[in-house]
Amino acid sequence: MRQQLQPQPPIDAISRRSLLSAAAAGALALTLPPAARAPASGTRLRVRRSARPYSTPLPIPEVLTGADLTIPMREAEVAILPGRRTRMWTYGGSFPGPTIRRPAGATTRVRFEHRLPRQAGELTVHLHGGHNRCEEDGQPGGLTAAQPQSLYCDISAGLSATESGNELLIAPGGERTYTYELIEDGAPERAAFQWYHDHRLDRTARNVWRGLAGMWILDDELDASLPLPRGQRDIPLMLADRSFDARNQLTDPFAARRRPPDDGVTGRHVLVNGAVLPYHRVRAQRYRLRVLNASHFRAYELRLSGGLPIVQIATDAGLMPRPVRRSRVLLGPGERVELVVDFAAARGRRIHLLSGRRRQGPNKLGSVSYAGPLMQFRVGSQREPDRSAVPRELRPLPAWVAEAPAEPSHVWRFTVGGGLRPRWLINGRSFDPAFVEASARLGQTVTWELRNQTAVAHLIHLHHTDWYMLSRNGRRPPPWEACLKDTFFLDPGERVLIAGRVSDYTGKYVVHCHMLDHEDHGLMSQFEVLA
Ligand code: C2O
Ligand code: CU
């Protein structure tokens, strides 16, 4: 198996003034690697300069808290690398897009306006981790005039706009208001760190790469009643890797049409909230770090420099039953963790959030994690009083977990199909919006098995609800997985048993790999919730 996972220096070695005399520029250009050369314009030569590490403050995206929001999807020039700005497809003009922060149980309407160029085609927005009506879930849709064929998915011919989900898409120049009730099983949803991103058939990887991703924080009373750090000491961090050309513009890694099983796209730079190796000033107190892996393919194995302890308090689906002390945290695409870090132990020091090579896993080569620093925390030298704490008990598991059937009623098998057009398959099929692989009745708790029969890791994400991991390869999962989650790391050959309770809404919901090229290349299917 080949993968695009060579270790990369996180910082370009080339860093210099952008304006040079033509002669000096010409001489220098010869000494640069080809990727760093740029065409001269007049007497100026623009060469990509990369940030000095830890010279950019950590961007914190704007937070929107209203019940009725409007977010234009539009092109914007975003400052990412020093020098020329990067033209991106954004939610609201920034990357990441604005963070939406709402109380559970409070109906929220978000109007997304498609103001991107026509070439973007139809778009669809999925709130990842949310429990929503199937029409509000960001269905991928099917074939349209702008996308008359799919290279990897076998889409039934002659589907109506309802059968394909096309009636739910947002056409260029159009808009759609998504309604989120933020309830589950009749009660306010559990607080969680979620995110929203594009989910269009065949084009999710391209659309997200260009910038269509933002964070979403759902609050609830239980979370608010705990003495956890809040306010400025509650920081969302989106990890996403991207590559840029010599003019600071995003590369187009999708043009090369890399095929399964070698279709994982990685970027040269790992961005944290859209910045390369940023720094953030913190007080010598506890902080809550909400970390999202929004990368297409890369995994991270997080740790802190200086051996600073990490206490995990939440997964994809919010607070765990109990906090778990961890030294390293593996985070695959689509997954989230919430960590409490006490910087009092590092007063006056600089602490780095790092990612290292995976230490564990039955087949670590199925997904090699990024190795390198991600960002720096500059810890104040003042002693600070701190009334925050991490309670011993956080959120109990819901009652249905104890009633989950021990045996799976359905097995989702992930394979790769050979032939001239290799693609990812689930139970022998690539995605078809008209095909339903499994079903569950409202109010039912189902147990399903996820089985990875390929040589590559996959991050299996199921829409509709949160899922409890009953076992991994027949064994009890570790404490950080014996929790509710919505995205599951499956190394090659692994089998995971999960249980979920379907409620409130009927209709079709997708199951897919969150490695976005895998999703676009067929690794997606559906289940239906029946009345
Ligand atoms: Cu974050 Cu169906 O995806
Ligand atoms: Cu995958």
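Residue positions are given per chain, counting from 1 as you read along its sequence in written order. A letter from A marks each chain and a number from 1 marks each ligand, given out in the order of writing. In keeping with the predicted nature of the model, local features appear solely for residues at pLDDT of at least 70, side-chain atom pairs appear and are counted solely at 80 or more, and the whole-chain, interface and lining totals rest on all residues. Side-chain numbers come from the whole structure's heavy atoms, not from hydrogens or water.

Student: Now, about the packing of aromatic side chains: what can you tell me, with residues and values included?
Tutor: Any aromatic ring pair is given by two values, namely how distant the centres are and how the planes are angled relative to each other. Stacked, tilted and edge-to-face are the three classes applied to pairs of Phe, Tyr and Trp rings, where Trp contributes its six-membered ring and a pair requires centres within 6.5 Å; stacked means planes under 30 degrees apart, edge-to-face means over 60, and tilted covers the rest. Counted according to the given criterion, the structure contains 15 aromatic pairs. Ring centres of Trp467 and Phe527 lie 6.2 Å apart, and the angle between their planes is 90 degrees; this geometry places the pair in the edge-to-face category. With Trp467 in strand β31 (residues 467-472) and Phe527 in strand β36 (residues 524-530), this pair connects stretches of sequence that are 60 residues apart. Considered together, Trp467 and Phe527 belong to a single accessibility category, that of buried residues. Put simply, the rings of Tyr91, Phe112, Tyr178, Tyr180, Tyr196 and Trp216 touch in pairs and so form one group of aromatic residues. Working rule: Lys NZ or Arg CZ, within 6 Å of ring centre, within 35 degrees of ring normal, means a charge sits over the ring. Here the basic side chain of Arg176 rests over the ring of Tyr178, its NZ or CZ set 4.6 Å away from the ring centre. Helix and strand labels come from DSSP, where a helix needs a run of H or I of at least four residues and a strand needs a run of E of at least two; each type is numbered from the N terminus. Exposure categories follow from relative accessible area, calculated using a 1.4 Å probe and restricted to protein chains: below 20% of the type maximum is buried, above 50% is exposed, and the middle band is partly exposed.

Student: Could you give an account of the state of the cysteines, naming the residues involved and the relevant values?
Tutor: What counts as a disulfide here is a pair of cysteine sulfur atoms lying within 2.5 Å. In this structure the tally under the stated criterion is 0 disulfides. Counting only cysteine sulfurs, Cys153 is the nearest neighbor of Cys134, a cysteine outside any disulfide, at a range of 18 Å.

Student: Describe the domain arrangement of the protein, naming the residues involved and giving the relevant values.
Tutor: Source of the domain bounds: an automatic or database domain assignment. When its domains are assigned, the protein resolves into domain 1 (14-52 + 226-383), domain 2 (63-223) and domain 3 (399-530). Whether two residues are in contact is decided by their heavy atoms: any pair within 4.5 Å suffices. Each side of the interface is counted separately: domain 1 has 31 residues, and domain 3 has 28 residues. Here the quantity called buried area is the accessible surface, traced with a 1.4 Å probe, that two parts lose on coming together, added over both. Surface buried jointly by domain 1 and domain 3 totals about 2,400 Å² across both partners, of which 59% is contributed by carbon and sulfur atoms. The largest share of the area that domain 1 buries against domain 3 comes from Pro260, Asp263 and His296, three residues that together contribute 20% of it. What counts as a salt bridge is simple: a side-chain nitrogen of Lys or Arg found within 4 Å of a carboxyl oxygen of Asp or Glu. Counting the contacts that link domain 1 with domain 3 gives 4 salt bridges. Salt-bridge contacts for Arg336 lead to Asp486; the nearest nitrogen and oxygen are separated by 2.8 Å. If you list the elements that add at least two residues to the side of domain 1 that touches domain 3, you get β20 (310-315) and β21 (318-326). The element best represented in the side of domain 1 that touches domain 3 is β21, accounting for 4 residues. Charged residues are taken to be Asp, Glu, Lys and Arg, nonpolar residues to be Ala, Val, Leu, Ile, Met, Phe, Trp, Tyr, Cys and Pro, and polar residues to be all remaining types, Gly included. Its residues placed into classes, the side of domain 1 that touches domain 3 shows 13 nonpolar, 10 polar and 8 charged.

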